[in-house]
Amino acid sequence: MPPRLHLFTARSVAFRTKPSIPQKRFAPGLLQHRAASDHASSKKAATTPVDPDFKGPNMDQLPHVSEEQAALDKSMGETPPDIEQGTPVEEILKRDRDALEKAPEVLKQALKNNQSGNPSGTRSYSTTARRPADLAKVDFVETQAVGLEYPDAGLGHKFPLPDMTQWNRMDNFKRRYDPVLNQLTKMLMRHGKLSRAQSTMDDILDILRTAPKPQGSALAGDRSLATVLPHETLPLSPVQYITTAIDSVAPLVKIRQQKGVLGGGASLPIPVPLNMKQRRRTAIKWILTSADNRKETKLAERVAKEMINVVEGRSGAWDRRGMVHKLSISARANVRRSMQRRR
């Protein structure tokens, strides 16, 4: 049975053309432009005739005082002043007696010196470091000046150099931040984000700067503040505020538990002195630990309020400091035992 699909037979396909849309036509009168005579630029602006002898408010001014005085001296046959350089003050004071009486004492003394015979523009003293006779001895050999040597200072120096043998290697370096602020900022830093810690430190300084003066400051007993400034002036210097709070609660020693000194397994508490940086680190740890127990939401506010409590003597860091000092006093006899054990 032959297939019904014819592949080789051509079939006619009907295509429909797109209907044409009639275009709009405009009237020829609407497309005409305006005549050139009607254009605004072709019209001439009306001008008002001006009087040739007319003078404005700034065109006929009086001459300057110096010019007027020069014209007056010229008419009277006197030597006019030099207008280009101006009139000296001495000449004005000579003519005006009232101004001379009210003139400063320096000008009066200068007038007396000029009248006594000293020429104007000269001094009774010399401003040069060397005399002309000494300068005549100076010779220049290539790029070196021979004759300027000073026996006490050495070649090329007028004054002796300072003794730098007693200086340390880093004494001439200037630190950008205060050491206490730098140490506190580094201890506030978490996960290496120093910029966030610096922003927190900035907020702490702002809170302490705007805080009222400390009330009930620790003055008696072992809670005295380590500062010479009045306690009412601490908010004026927030850096000094933080330094005072940290140095006041910083312990002098720490307790080290050393095993094997007594011969058994028991450890022996031995007090060990701390340097300044270690003392401040311990105090900052105590302050941050007490600040974590506060109810404020922001870290900067908690630390700042704890600093205020330290200055006012109401912080728990004072109790820790007293406990460490009390234990170190009771265990000071163990220092000799540890030294004998080492021998």
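Residues numbered from 1 in each chain as written. Predicted model: local features only at pLDDT ≥ 70, side-chain atom pairs only at ≥ 80, totals over all residues. Heavy atoms only, no water.

If you check an unreviewed UniProt entry, the chain appears there as Small ribosomal subunit protein uS7m from Exophiala aquamarina CBS 119918. Per its UniProt entry, the chain bears the Sequence similarities (unreviewed entry) comment "Belongs to the universal ribosomal protein uS7 family." The annotation that UniProt attaches to the chain under Subcellular location (unreviewed entry) is "Mitochondrion". (UniProt positions renumbered as here; feature names shortened; annotations may be inferred.)

Further remarks concern the overall build of the chain. When helices and strands are tallied, the chain shows 12 helices and 4 strands. Per-residue burial for the chain yields a buried fraction of 24% across its 343 residues. Put simply, of all contacts in the chain between residues at least 6 apart along the chain, 53% involve residues at least 24 apart. Element-wise, carbon and sulfur atoms account for 54% of the exposed surface of the chain, whose accessible area totals about 28,400 Å². (Helix = DSSP H or I, 4+ residues; strand = E, 2+ residues; numbered from the N terminus. Buried < 20%, exposed > 50% of the residue type's maximum accessible area, 1.4 Å probe, protein only. Contact = heavy atoms within 4.5 Å. Areas by Shrake-Rupley, 256 points an atom, 1.4 Å probe, with all protein chains shown as cover.)

Leu188, Met201, Ile204, Leu208, Ile242, Ile246 and Met307 are the most contacted members of the largest nonpolar core, which totals 36 residues. At the level of secondary structure, the elements contributing two or more residues to this core comprise helix 6 (179–188), helix 7 (194–209), helix 8 (238–249), helix 9 (276–292), helix 10 (299–312) and helix 11 (316–330). Counting residues per element, this core draws most heavily on helix 10, which supplies 7 residues. Ignoring any residue separated from it by four or fewer positions in sequence, one finds Met201 in contact with Leu181, Leu184, Thr185, Leu188 and Ile242. (Core = buried A, V, L, I, M, F, W, Y, C linked by side-chain atoms within 4.5 Å.)

Its location among the elements puts Arg280 in helix 9. A polar side-chain atom of Arg280 sits 3.0 Å from a polar atom in the side chain of Asp247. Residues within four places of Arg280 in sequence aside, it is in contact with Val180, Gln183, Thr243, Ile246, Asp247 and Ala250. (Polar contact = N/O pair within 3.5 Å; in protein donor to acceptor, adjacent residues only side chain to side chain.)

This part covers helix 9. The terminal C-alpha atoms of helix 9, which comprises 17 residues, lie 25 Å apart, in line with the 24 Å expected from a rise of 1.5 Å per residue. Those residues of helix 9 that sit buried are Arg279, Arg280, Ala283, Ile284, Trp286, Ile287, Leu288, Ser290 and Ala291. On its buried face, helix 9 sits against helix 6, helix 8, helix 10 and helix 11. (Expected span 1.5 Å × (residues − 1).)

On to the confidence of the model for the chain. Of all residues in the chain, 64% have pLDDT values of 70 or greater, and the mean over the chain is 77. Confidence, read as mean pLDDT per element, is least for helix 5 (residues 132–135) in the chain (51) and greatest for helix 9 (96). (pLDDT = per-residue confidence, 0-100.)

For the structure shown, the criterion picks out 8 salt bridges. With a closest N to O distance of 3.2 Å, Glu296 and Arg294 form a salt bridge. Look at Arg294 and you get partly exposed, because its relative accessible area is 25%. (Salt bridge = Lys/Arg side-chain N within 4 Å of Asp/Glu carboxyl O.)

It is worth spelling out unusual backbone geometry at this point. One non-glycine residue with positive phi stands out, namely His191, at about 60°. Take His191: it is sitting in the loop between helix 6 and helix 7. What makes His191 exposed here is its relative accessible area of 80%.

Our focus in this paragraph is the packing of helix 6 against helix 7. In a packed pair of helices, the relevant descriptors are the angle between the two axes and the axis-to-axis distance. It is the contact of helix 6 with helix 7, at a shortest axis distance of 8 Å, that shows an interaxial angle of 125°. Judged by the angle between their axes, helix 6 and helix 7 are oblique. Here the hand of the crossing between helix 6 and helix 7 comes out right-handed. Note on element contacts: helix 7 touches helix 6 through Leu194, Ala197, Gln198, Thr200, Met201, Ile204 and Leu205, opposite Leu181, Leu184, Thr185, Lys186 and Leu188. (Axes fitted to C-alpha atoms, helices over the stretch in contact; angles between N-to-C directions. Parallel < 35°, antiparallel > 145°, perpendicular 65-115°, else oblique. Left-handed = near helix turned anticlockwise from the far one by under 90°.)

If you trace the backbone, Thr185 turns up in helix 6. Given the relative accessible area of 8%, Thr185 is considered buried. Setting aside residues no more than four positions away along its own chain, Thr185 makes contact with Leu194, Ala197, Gln198 and Met201.

Here Val180 lies in helix 6. For Val180, a relative accessible area of 3% corresponds to the buried category. Those residues within four positions of Val180 in sequence are excluded, and the remaining contacts are Ile242, Thr243, Ile246 and Arg280.

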